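# What the coordinates show
Spelled out from the first residue to the last, the chains are:
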Amino acid sequence: MFLTDYSCSDKPVITPSRLVVKFGDPASATCVACQQACLPLDESIISMEASLGYPDVNGTKVTWTVDQMTEWKIKPKCYYTTSANHQCCSDLPVTVYKPPESVSFSLNPSEPLTDGSKVTLQCDVLNVAPVANLIVTFYRGQTPLGQVKSNDTTKEPVSETFSLSYNTRKEDDGVQFWCEAKLELGAEGPQPPLVVKSEEVTATVYYGPQLKVPADPAPISITRGEPLHLICLAEGNPKPQYSWTLPSNKGHRSGTDLKIDSAGVQDGGQYVCTVSNNVNSVSVTFNVTVQENFIPFIIGAVVAAAVVILIAAGVIYSFYYKQNKMGKYQLKDVFRLGAMHPTTVPLC
């Protein structure tokens with residue numbers, strides 16, 4: 001009966017100190033049993049034992065070889081024993097791994113989503129080992145959202161579902177979500193670490209109409225006879241529907257636009273545009289004032305006044321012209337009569 005000792009001063013040294021091997025692949029390690037304690041060799045037993053593989057002893061050096069790693073739990077041990085039945089040992093930690101068979105991504109609940117709702121991002125990893133070394137990262141586009149690890153210490157391959165809670169936004173509509181599973185096995189493992197990505201899932205997010213025009217537009221004032229053109233525009237998912245409430249039945253409505261070619265006074269008032277989809281509805285109210293066109297009346301009045309002024313000027317001119325002409329004729333007659341009948345003026 002040997003007394004096993006893992007704390008002896010001259011312990012076996014195994015290279016590598018930790019072995020990482022893919023399931024089904026070959027593996028090997030080398031052990032130097034001792035520096036002095038196991039000498040002379042004919043008084044010691046030196047070897048390396050495990051449930052798989054075989055040792056090759058050459059002096060104090062042992063080479064352990066496995067043609068195909070077919071066990072998940074294996075713990076090779078290198079040792080030497082002395083004539084005093086003292087056994088000094090060192091264990092070789094072995095990690096046997098298997099990359100994920102597949103990685104898939106889904107949203108729960110399934111689409112479509114709504115703006116502001118909570119959704120679970122789900123990543124399903126199939127047949128991976130050891131799952132405790134797996135790091136699952138969730139992505140929105142190329143932006144990482146968070147990482148999740150497993151608490152399962154099972155050595156054999158397992159399938160596990162990883163999840164992350166997420167609050168949706170309208171900006172997520174059309175964005176691709178996905179996940180990746182990275183098997184992080186340390187410096188002794190594959191470099192760079194093994195990564196398996198899921199397919200990308202494009203999110204559909206429903207959100208209520210959001211106006212692309214002012215919600216409280218400034219009052220609109222036009223003159224009778226001028227055209228009226230109102231625009232009511234919004235975005236939403238599903239695509240919004242538009243309805244108009246008019247103060248009169250006049251006007252051409254075509255979705256986002258309302259047009260009146262020639263507005264009348266009766267077209268003044270409130271025009272209400274309601275935009276809706278199956279998520280929500282919003283409305284815009286346009287206050288329109290149609291003023292009477294006084295310009296023709298002003299022009300007519302000005303023209304009439306001008307005509308009256310011209311007529312009055314003509315009458316006045318005609319009257320004074322005749323008066324002046326008659327005065328000139330009377331003065332000539334006086335001069336002519338004076339010449340015909342001269343008057344004797346007495347001398348003083």
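Within each chain, residues carry numbers counting from 1 in the order of the written sequence. For this predicted model, a pLDDT threshold of at least 70 governs which residues receive local features, and a threshold of 80 or more governs which side-chain atom pairs are given and counted, while totals over whole chains, interfaces and linings are taken from all residues. Only hydrogens and water are set aside; all other atoms, that is, all heavy atoms of the structure, feed into the side-chain values.

## Focus: the sheet that holds strand S21 (residues 220–223)
The strand order across the open sheet built from four strands is S21-S28-S27-S24, with neighbouring strands paired in mixed fashion. Either end of the sheet is taken by a strand with one partner, and the two such strands are S21 and strand S24 (241–245). Looking at each pair of strands side by side, their axes are set apart by 25 degrees on average, direction ignored. Strands qualify as paired when DSSP identifies two bridges or more between them. Here a helix means four or more residues in a row that DSSP labels H or I, a strand means two or more in a row labelled E, and each is numbered from the N terminus. Bridge count between strand S27 (residues 269–276) and strand S28 (residues 281–291): eight bridges; the pairing is antiparallel. Within S28, the residue paired with Val275 across the bridge is Val282. For helices, the fitted line uses only the C-alpha atoms of the stretch in contact; every axis is such a line through C-alpha atoms, and the angle between N-to-C directions lies from 0 to 180 degrees.

## Brief notes about the nonpolar core
For the purposes of this section, nonpolar cores are sets of buried Ala, Val, Leu, Ile, Met, Phe, Trp, Tyr and Cys residues that join through side-chain atoms within 4.5 Å. Buried residues are those whose accessible area, probed at 1.4 Å on protein chains only, stays under 20% of the maximum for their type, while exposed residues exceed 50% and partly exposed ones sit between those limits. Counting 29 residues, the largest nonpolar core has Leu121, Val125, Val136 and Phe138 as its most contacted members. The biggest single contributor to this core is strand S13 (residues 118–128), with five residues. Core analysis: the second largest hydrophobic core is formed by 26 residues, Cys31, Cys34, Trp72 and Ala129 among them.

## Side note on the packing of aromatic side chains
For any pair of aromatic rings, the description rests on two quantities: the centre-to-centre distance and the angle between the ring planes. Note on ring pairs: Phe, Tyr and Trp rings are taken, using the six-membered ring of Trp, and paired if centres are within 6.5 Å. Classes follow the plane angle, with under 30 degrees stacked, over 60 edge-to-face and the rest tilted. Scanning all chains against the criterion turns up five aromatic pairs. Each ring, one from Phe23 and one from Trp72, has its centre 4.1 Å from the other, and the planes form 5 degrees; the classification is stacked. Placement of the pair is Phe23 in the loop between strand S3 (19–22) and strand S4 (27–32) and Trp72 in the loop between strand S7 (61–66) and strand S8 (77–81), with a sequence separation of 49 residues. A relative accessible area of 31% means that Phe23 is categorised as partly exposed. Ring plane angle 5 degrees and centroid distance 4.2 Å describe the contact between Tyr139 and Trp178, whose orientation is recorded as stacked. Taken together, the residues span a long stretch of sequence, with Tyr139 in strand S14 (residues 134–140) and Trp178 in strand S17 (residues 176–183) at a distance of 39 residues. Accessibility expressed as a relative area gives 13% for Tyr139, which makes it buried. Lys77 extends its terminal NZ or CZ atom over the ring of Tyr79, reaching a point 5.9 Å from the ring centre. We call a charge positioned above a ring when the Lys NZ or Arg CZ atom is no farther than 6 Å from the ring centre and deviates by at most 35 degrees from the ring normal. Here the guanidinium or amino end of Lys170 rests over the ring plane of Tyr207, the centre of that ring lying 5.5 Å away.

## Quick word on the state of the cysteines
The disulfide definition used here is simple: a pair of cysteine sulfur atoms within 2.5 Å. With the rule as written, the count across this model stands at five disulfides. The partner cysteine of Cys31 in its disulfide is Cys78, sulfur to sulfur 1.9 Å. Taking the sign of the S-S torsion, about -85 degrees here, the bridge from Cys31 to Cys78 comes out left-handed. Of this pair, Cys31 sits in strand S4 while Cys78 sits in strand S8, and the two are 47 residues apart along the sequence. Judged by relative accessible area, which is 0%, Cys31 ranks as buried. Each disulfide pairs two cysteine sulfurs, and for Cys123 the partner residue is Cys179, the sulfurs being separated by 2.1 Å.

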